Amino acid sequence: MNRKGTDIQFAIIGSAGDGTIAAGDILKRAMARLGYKVIAFDIYPAEIRGFGKCISRVRITTEQAYSLKRHSDVLISLDDSYAIPHVGEVRDYGAVIYESSPVARLAEGGHITAHIKPSQLPYGVQVRGISERATASARSRNIVVLGYLAGLYGIDPKAFREIIAAKFRTKAQAVTDQNTAAFDAGFETGKAVFKLDDIVLGPPLHNKEAEKTTMMTGNGAVVRGCIDAGLDTFFGYPITPATTILERLAAELPKHGGRVLQTEDEISAIAATIGAGYAGARSATATSGPGLALMAEMLGLSVMGEVPSVVFVSQRGGPSTGLPTKTEQSDLNLAVFGGAGDAQRIVLAPTNVDGCYRTAGKAFEMAEQYQTPVVVLLDLYLSNRYETVVLPDKNPFSRNLDKQMADGGAGYMRFADSDDHISPRAIPGQEGGMHTVTGLEHNQLGKPSDLPENHEAMNAKRHLKLEAALRHPDFTICKRFGDEGPVDVGVLGWGSTFGEILEAMFAAQDEGIRCSAMKVVMLSPLPKDQIAAFMDDCGTVLLPELNYEGQLANLVSGALGRPVTKLTRSTGSPMQVEEILAEIRRLAQARAA
Amino acid sequence: MIVTVTLNPSLDLTYGLEESALGEVEVHRARTASVEASGKGVNVSLTLHRAGTPTVAVLLLAGRTGVEIGNGPGQTPLARLRKDYDAVLLSTGSMAAVKLPLKEGEGRDDPTSIKGVEYGLNFLMELHRGEKKKVGKRVAVVGAGFTALDCARVAKRLGAEEVTIHIRTAEEYIPVTKDEIFEAKREGIRIKGLRTPVELLVDENGALHGVEFAQNRLGGWRDNGRRQAIAIEGSEFTEPCDTLLIAIGQRTINDYLDVKLELDRWGSVKAAEGGKTSVDGVFAAGDFVSGPTTIISAIGNGRHVANGIDHWLMGRQRRRQMVRIEPVEGPLRERAFDFIESQHMPTATLAKRAGKLTCEVETGYSEELAGTESKRCYLCNLKYQIDVDNCIYCRACIEVAPKNCIKLVEGVEIREDGTYGELQETRQWDEVGAIWIDNNECIRCGACFMVCPTKCISITRNEFVTQDL
Amino acid sequence: MGEAIHNVIIGNGSAGNGAAATLRERDPDCRITIITMGSLPFYNRYDLPRVFRGCYDWREILVHPLSYYDDQNITLRRNSRVTDVDGRKRTITFAHNETMHYDRLLVCAGGQGYLPEELSDYRGLMNGFNSFEAAITTYKALPAGGSMIMLGGDMIGLDLARTLIDTGYKVLLLTNEYTFWPHRIADDEREGFINALKHMGIEVIDGVHPVAVEEGIAGKPARRVVLDGGGEILGDVVMPSYGLVPTAEFMLGSGVDIERGMLVDPMLHTTDENIWAAGDVCQIWSAEDNTYRFYYGWNNVRLMGEVAARNVTGANETFKGLDDERLRIDKNGHLASPFWEY
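From a predicted model like this one, the values you see are computed outputs, not experimental measurements.

### What about the overall build of chain B?
In step 1: Scanning chain B from N- to C-terminus turns up 11 helices and 23 strands.
In step 2: Expected size for 469 residues packed as a compact globule is a radius of gyration near 23 Å; at 29 Å, chain B overshoots this value by more than 25%.
In step 3: Over its C-alpha atoms, taken along the principal directions, chain B stretches across nearly 85 × 80 × 65 Å.
In step 4: Here the analysis covers contacts within chain B between residues at least 6 apart in sequence; of these, 66% occur between residues at least 24 apart.

So this is what it looks like as structure tokens:
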């Protein structure tokens with residue numbers, strides 16, 4: 001499933017304290033700087049204290065890729081005891097790089113050379129010795145190994161040296177010098193080695209964009225999107241995997257004139273968000289499944305009071321405390337339906353880091369324009385996945401999309417219905433805009449009313465106004481990829497899984513199967529027409545997602561009355577491209593029969 | 001009359017340079033050289049004498065006095081020395097060559113009676129005394145020690161076309177350093193193994209023209225790490241040569257003794273602690289007792305026996321060897337020194353060596369190389385020790401250890417003589433009694449010392465010193 | 001207990017792999033581990049001249065498909081240098097600090113090209129042909145139509161020379177006592193064989209003695225061989241071809257007898273009851289010659305591996321080398337040798 005041009009995936013595996021994650025960080029930033037497209041995802045040890053396995057996987061390509069590969073091309077072992085179980089991950093004719101002179105005495109099979117398969121190429125390096133020779137300590141082993149990689153595969157060392165200098169610029173010059181010395185020593189060694197594998201780094205194709213390219217995680221992109229959209233206030237309560245949004249905004253938002261407050265729990269976080277939204281500010285909070293469950297009642301208030309609010313939800317393994325460090329897509333039902341009553345709201349789910357940026361910013365536009373809460377669904381994988389993105393030169397987000405109050409005064413109707421069902425909005429304190437807001441059902445003036453026709457009319461208003469979101473400008477609510485027209489197998493997907501779906505679709509096409517994929521970004525309101533049109537073209541429809549019940553499959557089937565084939569996984573890890581491809585093949589063969 | 005006593009006289013070697021040589025930066029050649037007796041008291045007497053004042057210089061002399069000890073005519077018997085002196089020290093070394101064990105044929109009893117055959121050590125000593133030695137075209141050297149190597153390399157320089165060293169076992173077992181063997185091979189000398197000479201082949205003029213060898217196979221192990229060589233029946237073969245240098249070892253001769261001293265099983269005089277022989281007042285030291293060893297061993301043994309003689313003469317021990325232990329503030333070296341490769345001794349090129357007996361092969365280290373090489377000093381007289389009472393078991397030392405030198409132990413064996421024996425290592429934390437530095441593995445890098453948060457690792461310098469009692 | 005017997009083979013050449021195949025045939029249940037310092041699975045070293053006929057990918061020279069090791073249940077340990085063998089404890093220690101236990105050990109570590117000590121200073125400027133990596137490096141160092149200066153010319157080197165001539169390169173051969181090694185040539189036959197070499201297109205330079213190898217001056221060929229008594233020979237690549245010396249150093253101190261190679265009886269058994277040896281590394285006792293001798297060539301070493309393996313698994317076979325080991329001249333006037341059959 002390789003992309004054309006360069007497509008190499010590195011996996012660095014070590015113990016906590018070996019600098020595995022740091023090495024992966026330098027590697028991906030250097031490759032991004034050189035102009036390659038990068039997707040990277042790190043696995044941290046479960047324990048907070050210093051033991052445990054760290055894996056940093058970095059995939060670099062010249063053509064855009066959408067997920068990590070099941071098989072890495074190069075495995076670098078900083079600690080054999082953790083790396084040995086992953087040797088099988090390296091493809092045939094790929095490389096395994098390891099310490100050739102470990103300090104401890106090993107029993108038979110304790111060294112990684114005992115496990116390297118005949119089809120893989122072994123490269124033994126005296127990493128510790130080189131580190132000690134260059135820097136008089138063994139702490140720079142991870143940097144030595146990066147140098148070796150660069151030397152072996154002919155990667156321009158300049159980018160690495162720049163990233164190293166930037167990374168350690170806050171420390172003493174001696175630290176930068178030591179790390180540079182370690183890198184150079186590794187580089188010279190790698191250059192002199194006879195290369196036996198078939199891994200070749202081609203030149204990056206998009207050199208011009210290299211300067212504008214930046215590396216971000218999903219959460220980092222959300223933060224950028226918020227800031228570019230003019231976020232005024234953020235209220236948060238820490239929960240894995242959304243905590244970094246709170247932390248980053250706490251550091252960055254004040255520089256742009258905004259304020260961040262950590263609340264005592266999720267309920268007060270959403271309450272404050274809605275309060276700020278009512279006061280006319282752009283406001284948001286971020287949480288995960290358990291937090292969203294706590295926020296469900298308050299979201300109802302935001303719907304009922306037609307107050308804008310934005311909630312970023314990074315999904316993790318559930319239910320309850322679940323699997324806090326594993327990824328899942330099982331909060332869709334909660335996002336779309338959670339809360340009392342018919343409380344429809346906008347739910348968006350970006351599929352990649354670039355999408356996180358756009359969706360984050362657009363969420364504020366939609367919240368404002370349609371006077372409603374917007375829930376943006378990410379997942380742990382997408383939140384922590386690094387990708388190279390090119391941010392737009394101009395700020396793509398609009399402000400002040402409120403429908404303005406036309407004439408104020410005694411007759412002002414905050415909840416007046418109209419053709420587009422969106423009412424003119426007065427911000428508290430606005431002259432002539434006095435009105436009432438309540439969680440009770442109310443009439444157009446905002447005053448409580450339990451009259452039967454009123455409730456029906458208000459329900460209709462609150463639902464129908466959201467239809468316009470389906471046509472929100474400059475935003476992709478769903479998109480089809482792959483073969484045009486009738487196809488054998490169509491694949492629907494949402495969230496981070498769509499990356500793997502795209503890769504599987506490309507592979508299926510390569511095998512001669514007519515295949516098309518559609519990503520659904522707006523999950524509420526559901527783009528029924530487009531999905532139906534897509535399903536019309538497909539012989540059979542497959543819907544892979546990371547949850548047990550098949551939540552989107554149920555949603556689509558329920559909305560359209562048409563069946564889809566579910567492919568559900570709740571392992572806590574991203575779905576494998578090969579799994580999706582195998583299903584596509586099976587369905588294609590079944591159709592042919 | 002002024003009497004000067006010089007207890008440590010010396011010889012002054014004076015080189016004369018031209019006056020104009022001073023101040024110019026280049027290599028100068030000495031024009032004159034002279035040797036004179038000297039030493040503090042001697043110099044005083046010399047000055048007094050030149051000034052006309054009567055003076056006598058008293059000094060200790062060593063060296064040959066021209067007196068032959070033995071039992072023949074004109075020789076002084078040992079008994080005379082024993083009568084005239086309180087103690088006699090025999091240190092006549094191992095100056096006789098070991099006989100070549102030929103099976104049969106000419107020269108069986110005295111191989112050197114054949115033209116072209118010499119004992120290796122005698123050959124070298126005569127050469128160094130200034131005699132013009134000659135070798136033929138094809139030289140065979142029998143023997144596996146440094147003397148054999150020296151003979152071979154000298155023979156090459158004297159113009160032999162082909163020089164071969166024949167050894168009884170294999171290269172693996174010969175007691176010569178690898179460097180020496182390498183240089184010899186570089187000079188074109190060949191080493192052939194698994195053969196023992198059995199007969200010398202002589203032509204009609206009585207000159208050597210070949211050596212017959214028996215093929216060997218390797219037998220059992222001998223005490224000194226060497227192998228037995230067992231000749232194979234009927235495996236004889238010939239190697240042509242016109243010169244044979246025999247360097248299979250030296251032995252002691254004690255036929256000059258006129259008193260029966262107890263001998264050991266090799267026929268050398270048996271010497272106990274302090275050099276005592278079985279006869280009171282007669283001591284023996286050096287190669288004369290042990291057979292051929294090294295200069296270092298001989299000097300050491302000589303000193304040791306001197307203490308023994310003094311002890312016997314004075315009736316009590318007046319000097320003893322102690323261990324001095326001093327604390328040291330730091331590792332005294334940098335970690336980076338551990339990665340300095342051994343400096344290869346620069347050697348003269350083959351072209352420079354060819355045919356010249358006076359070309360020094362090892363040209364010596366330059367000041368820079370010498371400085372670098374000295375940084376590699378292991379400082380093995382330093383001992384690193386963890387004070388178990390202050391250790392907090394943080395394991396920081398184990399983490400920085402470059403080798404498997406710091407271990408978790410349940411306990412350490414203490415031997416009868418008080419020394420530490422085996423470490424009882426463990427991997428279970430609840431069994432750990434101490435964190436222990438294994439001084440057999442320690443490379444004195446100092447990393448543990450630098451990182452210990454409670455400073456519980458101490459470094460001591462341990463030296464042998466001689467103390468007068 | 002029931003644990004399978006662990007047979008360990010040091011050496012990944014024709015002897016070692018012949019032994020492994022035979023061991024697997026005779027004992028389907030035993031554990032077999034092949035240890036090598038190299039980085040690649042088994043390829044035939046005698047076949048390396050193919051590098052000059054367009055074979056640049058190591059996958060093309062492998063003798064077995066990569067699935068062979070799994071299929072035959074043979075473990076291949078690459079990049080693993082043995083530093084110590086303890087015959088009493090029956091353990092092997094690697095340079096990477098791992099210890100391995102064996103029940104029976106078969107040493108097939110082969111031989112390395114001999115470089116005379118007097119030329120050892122110039123090793124860095126010369127090219128070997130002992131491995132795939134060395135072969136590719138040599139190939140890359142030779143420009144199209146370039147020239148190789150071959151010192152000595154043992155049968156391995158002469159085999160390469162044949163291919164070089166055939167693919168458009170020049171070969172200058174400086175002869176000495178190792179020319180035609182391991183064949184022993186009588187003085188009166190020598191001229192005939194030298195002429196055969198010339199007939200094959202090799203430029204033969206007799207009677208000169210190289211003392212140094214230096215880099216060439218800019219603009220001229222890359223290497224300069226300095227001769228005794230002045231004089232020089234220019235070429236692109238210098239290759240020493242002085243026969244093989246057994247790779248037995250790592251066995252020193254293990255308890256087996258070694259002279260130049262590992263000393264074995266005619267059943268390829270060393271002096272340690274659990275250790276055998278086969279291939280270029282061993283010297284076999286010859287009762288008729290009353291001496292230990294080597295056997296070279298692909299046919300011999302492969303057969304030795306098989307015989308040793310059979311003896312490891314209980315047989316009592318004596319190794320018999322090729323009947324006819326002579327160097328000949330064929331009807332085209334070219335050299336022919338049993339060592340060139342592989």
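### So, the overall build of chain C
In step 1: Looking only at helices and strands, one finds six helices and 22 strands in chain C.
In step 2: In terms of overall dimensions, chain C is globule-like: its C-alpha atoms have a radius of gyration of 21 Å, near the 20 Å expected for 342 residues.
In step 3: On the principal axes, the C-alpha backbone points of chain C span a range of 70 × 45 × 35 Å.
In step 4: Per-residue burial over chain C gives 44% buried out of 342 residues.
In step 5: Sequence separation of at least 24 residues holds for 64% of the intrachain contacts in chain C that already meet a minimum separation of 6.

### Some points on the environment of Glu441(B)
Residues and elements named next belong to chain B.
In step 1: Tracing the backbone through its elements, the reader meets Glu 441 in the loop between β22 (434-437) and α11 (447-451).
In step 2: In the structure, Glu 441 is positioned 35 residues away from Ile 406 in sequence and 8.4 Å away in space, judged by C-alpha atoms.
In step 3: In contact with Glu 441, other than residues within four places in its own chain, are Lys 403, Asn 404 and Cys 405.

### A closer look at the sheet that holds strand β4 (residues 82-86) of chain C
All names here are of chain C.
In step 1: Reading across from one edge, β4-β5-β6 is the order of the three strands in this open sheet, with antiparallel pairing throughout. Sheet topology places β4 and β6 (99-101) at the edges, where each strand pairs with a single neighbour. Here the average twist between neighbouring strands, direction ignored, is 20 degrees.

### With respect to the packing of helix α9 (residues 266-278) of chain A against helix α10 (residues 289-304) of chain A
All names here are of chain A.
In step 1: Running from amino to carboxyl end, α9 crosses α10 at an angle of 30 degrees, the nearest separation of the two axes being 8 Å. With respect to α10, the element α9 is oriented roughly parallel. As for the relative orientation of α9 and α10, their crossing is right-handed in sense. On α10, the residues that touch Glu 266, Ile 267, Ile 270, Ala 271 and Ile 274 of α9 are Gly 291, Leu 294, Met 295, Met 298, Leu 299, Leu 301 and Ser 302.
In step 2: Taken together, the residues that form the contact of α9 with α10 break down as nine nonpolar, two polar and one charged.

### Thoughts on the domain arrangement of chain B
Residues and elements named next belong to chain B.
In step 1: Assigned domains within chain B: domain 1 (2-59), domain 2 (78-94 + 252-317), domain 3 (96-251), domain 4 (321-336 + 378-469) and domain 5 (341-375).
In step 2: Between domain 3 and domain 5, the contact holds six residues from the first and seven residues from the second.
In step 3: Mapped by element, the contributors of at least two residues to the side of domain 3 that touches domain 5 are α4 (146-157) and α5 (178-186).
In step 4: Each residue belonging to the side of domain 3 that touches domain 5 can be placed in one class, and the counts come to one nonpolar, one polar and four charged.

### Remarks on the domain arrangement of chain C
Where interface size is given, it is often the accessible area lost as the parts come together that is meant.
Residue and element names in this part refer to chain C.
In step 1: Here chain C is described as being made up of domain 1 (6-112 + 245-312) and domain 2 (115-242).
In step 2: Placing a centre on the C-alpha atoms of domain 1 and another on those of domain 2 gives a separation of 29 Å.
In step 3: Counting residues at the interface gives 14 residues for domain 1, matched by 13 residues for domain 2.
In step 4: Partitioning the side of domain 1 that touches domain 2 into residue classes produces 11 nonpolar, two polar and one charged.

### Description of the sheet that holds strand β17 (residues 262-264) of chain C
All names here are of chain C.
In step 1: Strand order in the open sheet formed by three strands is β17-β19-β20, with mixed pairing between adjacent strands. Edge positions in the sheet fall to β17 and β20 (291-293), since each of these pairs with one other strand and no more. Each adjacent strand pair in this sheet contributes to an overall mean axis angle of 35 degrees, direction not counted.
In step 2: Pairing geometry for strand β19 (residues 282-286) and β20, over three bridges, is antiparallel. What sits directly across from Ile 284, in β20, is Arg 293.

### Overview of helix α6 (residues 298-312) of chain C
Residue and element names in this part refer to chain C.
In step 1: With 15 residues, α6 extends 21 Å between its outermost C-alpha atoms, agreeing within 8% with the 21 Å of an ideal straight helix rising 1.5 Å per residue.
In step 2: In terms of burial, α6 is largely enclosed, as 13 of its 15 residues are buried.
In step 3: The first or second residue beyond α6 is Gly 314, which carries a positive phi of 105 degrees.

### Remarks on the interface of chain C and chain A
In step 1: The interface of chain C with chain A comprises 18 residues on the first partner and 19 residues on the second.
In step 2: Going through the elements one at a time, β3 (74-77) and β6 of chain C are the ones with two or more residues in the side of chain C that touches chain A.
In step 3: Among the elements that make up the side of chain C that touches chain A, the one with the highest residue count is β6(C) (three residues).
In step 4: Partitioning the side of chain C that touches chain A into residue classes produces seven nonpolar, seven polar and four charged.

### So, the nonpolar core
In step 1: Ranked by size, the top nonpolar core spans 170 residues in total, and within it Val376(A) and Ile584(A) carry the most contacts.
In step 2: At nine residues, the largest contribution of residues to this core is made by helix α12 (residues 353-370) of chain A.
In step 3: Aside from chain neighbours lying at most four places away, what touches Val376(A) is Val310(A), Phe312(A), Val313(A), Leu348(A), Thr359(A), Ala360(A) and Ala363(A).
In step 4: If you look at the next biggest cluster of nonpolar residues, it comprises 132 residues, including Val154(B), Ala19(C), Ile92(C) and Leu160(C).

### A word on the pairing of strand β7 (residues 104-107) of chain C
Residues and elements named next belong to chain C.
In step 1: Alternating residues of β7 divide into Arg 104 and Leu 106 and Leu 105 and Val 107, and every residue in both groups is buried.
In step 2: Two elements, strand β1 (residues 6-10) and β7, share four bridges in a ladder whose sense is parallel. By the bridge assignment, Ile 10 is partnered in β7 with Val 107.
In step 3: Bridge count between β7 and strand β18 (residues 275-277): three bridges; the pairing is parallel. Bridged to Leu 105 within β18 is Ile 275.

### Considerations on the environment of Thr164(B)
All names here are of chain B.
In step 1: Within the secondary structure, Thr 164 is located in strand β9 (residues 162-166).
In step 2: With 19 C-beta atoms counted inside 10 Å, the residue Thr 164 sits in the partly exposed group.
In step 3: Here the alpha-carbon distance between Thr 164 and Ile 69, two residues 95 residues apart in the chain, equals 39 Å.
In step 4: Leave out the neighbours within four places in its chain, and Thr 164 touches Ala 140, Arg 190 and Lys 192.

### Concerning unusual backbone geometry
Residues and elements named next belong to chain A.
In step 1: Thr 240 connects to Pro 241 through a cis peptide bond whose omega is 5 degrees.
In step 2: Among the structural elements, Pro 241 can be located in the loop between β8 (233-236) and α8 (243-252).
In step 3: One non-glycine residue, Tyr 93, lies in positive phi territory at about 65 degrees.
In step 4: Residues other than glycine seldom take positive phi values, yet His 421 does so here, at roughly 65 degrees.
In step 5: Summarising the element assignment, His 421 is placed in the loop between β15 (386-390) and α14 (452-464).
In step 6: The exposure class of His 421 is partly exposed, given the 18 C-beta atoms found within 10 Å.

### Brief notes about the packing of helix α7 (residues 218-228) of chain A against α8(A)
Residues and elements named next belong to chain A.
In step 1: Close contact between α7 and α8 brings their axes to 9 Å; oriented N to C, the two are set at 40 degrees. By the angle between their directions, the pair α7 and α8 is classed as oblique. As for the relative orientation of α7 and α8, their crossing is right-handed in sense. Contacts from Asn 219, Gly 220, Val 222, Val 223, Cys 226 and Ile 227 of α7 reach α8 at Thr 244, Ile 245, Arg 248, Leu 249 and Glu 252.
In step 2: Tallied by class, the residues present in the contact of α7 with α8 amount to six nonpolar, three polar and two charged.

### Things to note about the pairing of strand β20 (residues 538-545) of chain A
Residues and elements named next belong to chain A.
In step 1: For β20, a buried count of six out of eight residues is recorded, marking the element as mostly surrounded by other parts of the structure.
In step 2: Sheet topology note: the strand β17 (residues 487-493)/β20 ladder contains four bridges and is parallel. Bridging from a neighbouring strand, Val 489 pairs with Thr 540 of β20.
In step 3: In this structure, β20 lies alongside strand β21 (residues 565-568), joined through four bridges in parallel fashion. By the bridge assignment for β21, Leu 543 is matched with Lys 566.
In step 4: Read as a crossover between parallel neighbours, the route from β20 over helix α17 (residues 551-560) to β21 is right-handed.

The rules behind these values
Residues numbered from 1 in each chain as written. Chains lettered and ligands numbered in written order. Predicted model: local features only at pLDDT ≥ 70, side-chain atom pairs only at ≥ 80, totals over all residues. Helix = DSSP H or I, 4+ residues; strand = E, 2+ residues; numbered from the N terminus. Rg over C-alpha atoms; globule rule 2.2 N^0.38 Å. Contact = placed C-beta atoms within 7 Å. Buried ≥ 20, exposed ≤ 12 C-beta atoms within 10 Å, placed from the backbone. Pairing = 2+ DSSP bridges. Axes fitted to C-alpha atoms, helices over the stretch in contact; angles between N-to-C directions. Parallel < 35°, antiparallel > 145°, perpendicular 65-115°, else oblique. Left-handed = near helix turned anticlockwise from the far one by under 90°. Nonpolar A, V, L, I, M, F, W, Y, C, P; charged D, E, K, R; others polar. Domains from an automatic or database assignment. Expected span 1.5 Å × (residues − 1). Core = buried A, V, L, I, M, F, W, Y, C linked by C-beta atoms within 7 Å. Right-handed = clockwise from strand over helix to strand, strands pointing away.

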